[in-house]
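# Per-entry structural report
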Amino acid sequence: MISIFALLIVTEIKQYKYSASFPLECGDALPGIDISYTDSGDASLPVIWICHALTANANPVEWWPGLVGDGKLFNASKYRIICANILGSCYGTTGPANDDLKDKFPLITIRDMVHAHQILQSHLGIQKIYLALGGSMGGQQVIEWAIDDPYLFEHICLLSCNAHHSPWGIAFNEAQRMAVLAGIREDGSISLLGLEAARGLALLSYRNYITFDMAQSETEEKIDHFRASSYQRYQGQKLSKRFDPYAYITLSKAMDSHHVGRGRGGIPHALSMIKAKTAVIGINTDVLFPIGEQKLLADYIPNASFDKIHSDFGHDGFLLEFERIQGVLENRLSIL
């Protein structure tokens, strides 16, 4: 078996330039867009389309190595695996990070991201997707897409996501944007310290009390320089080295916009439009996307199953609980 490092080297990031005007749900338009993506496996194989979450990229081998790659459930010898960097990100797809007016980049929504996926789908000549899956913001994209084009998908898997972003989730995102914007300098640029603080806030919603107690506990003699403190700073610095603060603001606002019922007669009616066989997965310790949000999806999607899996890692469980997720995919959707 080749290593994950080797897979990262051979996974080619491709670029598609769409030159026509790209209308946005907010009423604005972009004068064309660039889409960064990966496309692995022969074109004759069943298509797996992976939608990534907030700060990930078009290479799922990098951030989902337990499910994607040589010898894994999703490998290029069995499937054609596609993942596109989302609109508004900073990994090659059009977003504020590559715009001259970073603070003037228009508002985008989850539906706009799906529109970009559909443009890439058309460019690649794909008429049927065997399975689309994603967690968190990635799951929000899959839901929107499966409603907008219900006969495109045979199966979908929705992990740790919801039908609309909750006031609780929006409040977390707004607190993070406040932290980012607190780092604005006099010249209008944003200090990365604001992004680091935002990441620290986000981690409190991605993990939970149990996670921190397990990994960051101290001896009773400690009075300063706690593990939990250094961990927050480390994670903030780690993100600031690879992500753009303007993209962070843009994408978090896009997540806030998520509501499948908008313009469709409400959530139950919108979800009833999905035709794909659906596996919904929730994490029992997720405080950001509580389990009730996934139950609601399964209640209203006609051909859906619901599985609650245990994880000590809260919302991040959708990135880490590979074996449990694979078990659901094998049992519920017969993905082998």
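In case you missed it, the structure is sitting above this.
Everything in this summary refers to the structure shown in the same document. Model, not experiment: these values are computed from the prediction. (Residues numbered from 1 in each chain as written. Predicted model: local features only at pLDDT ≥ 70, side-chain atom pairs only at ≥ 80, totals over all residues. Heavy atoms only, no water.)

## Side note on the packing of helix H3 (residues 110–124) against helix H4 (residues 137–148)
- Between H3 and H4, whose axes approach to 9 Å, the crossing angle comes to 70°. Between H3 and H4, the angle is such that the two are roughly perpendicular. Our pair here, H3 against H4, has a crossing hand that is right-handed. Between H3, through Ile-110, Arg-111, Met-113, Val-114, His-117, Gln-118 and Gln-121, and H4, the contact on the second element is made entirely by Met-137, Gln-140, Gln-141, Glu-144, Trp-145 and Asp-148. (Axes fitted to C-alpha atoms, helices over the stretch in contact; angles between N-to-C directions. Helix = DSSP H or I, 4+ residues; strand = E, 2+ residues; numbered from the N terminus. Parallel < 35°, antiparallel > 145°, perpendicular 65-115°, else oblique. Left-handed = near helix turned anticlockwise from the far one by under 90°. Contact = heavy atoms within 4.5 Å.)

## Quick notes on a nonpolar patch on the surface
- A contiguous nonpolar surface patch, about 370 Å² in accessible area, is contributed by Tyr-209, Ile-210 and Met-214.
- Looking at where Met-214 falls in the secondary structure, it is placed in helix H7 (residues 209–216).
- Note on Met-214: relative accessible area 52%, which makes it exposed. (Patch = residues over 30% accessible without salt bridge, like charges linked within 9 Å, V, L, I, M, F, W, Y side chains within 5 Å. Areas by Shrake-Rupley, 256 points an atom, 1.4 Å probe, with all protein chains shown as cover. Salt bridge = Lys/Arg side-chain N within 4 Å of Asp/Glu carboxyl O. Buried < 20%, exposed > 50% of the residue type's maximum accessible area, 1.4 Å probe, protein only.)

## A closer look at the environment of Ile-86
- Within the secondary structure, Ile-86 sits in the loop between strand S6 (80–84) and H3.
- Along the primary structure Ile-86 and Gly-292 are separated by 206 residues, whereas in three dimensions their C-alpha atoms are 27 Å apart.
- Setting aside chain neighbours within four positions, we find Ile-86 in contact with His-52, Ala-53, Leu-54, Thr-93, Met-113, His-117, Met-137, Gln-141 and Leu-251.

## Thoughts on the sheet that holds strand S7 (residues 129–135)
- With mixed pairing, the eight strands of this open sheet are ordered in space as S1-S4-S6-S5-S7-S8-S9-S10. Each having just a single partner strand, strand S1 (14–18) and strand S10 (304–309) make up the two edges of the open sheet. Taking each pair of neighbouring strands and ignoring which way they run, the sheet shows an average axis angle of 20°.
- Its contacts with the sheet put helix H11 (residues 291–300) on strand S8 (153–159), strand S9 (277–283) and S10, and the angle it makes with S9 is roughly 170°. (Pairing = 2+ DSSP bridges.)

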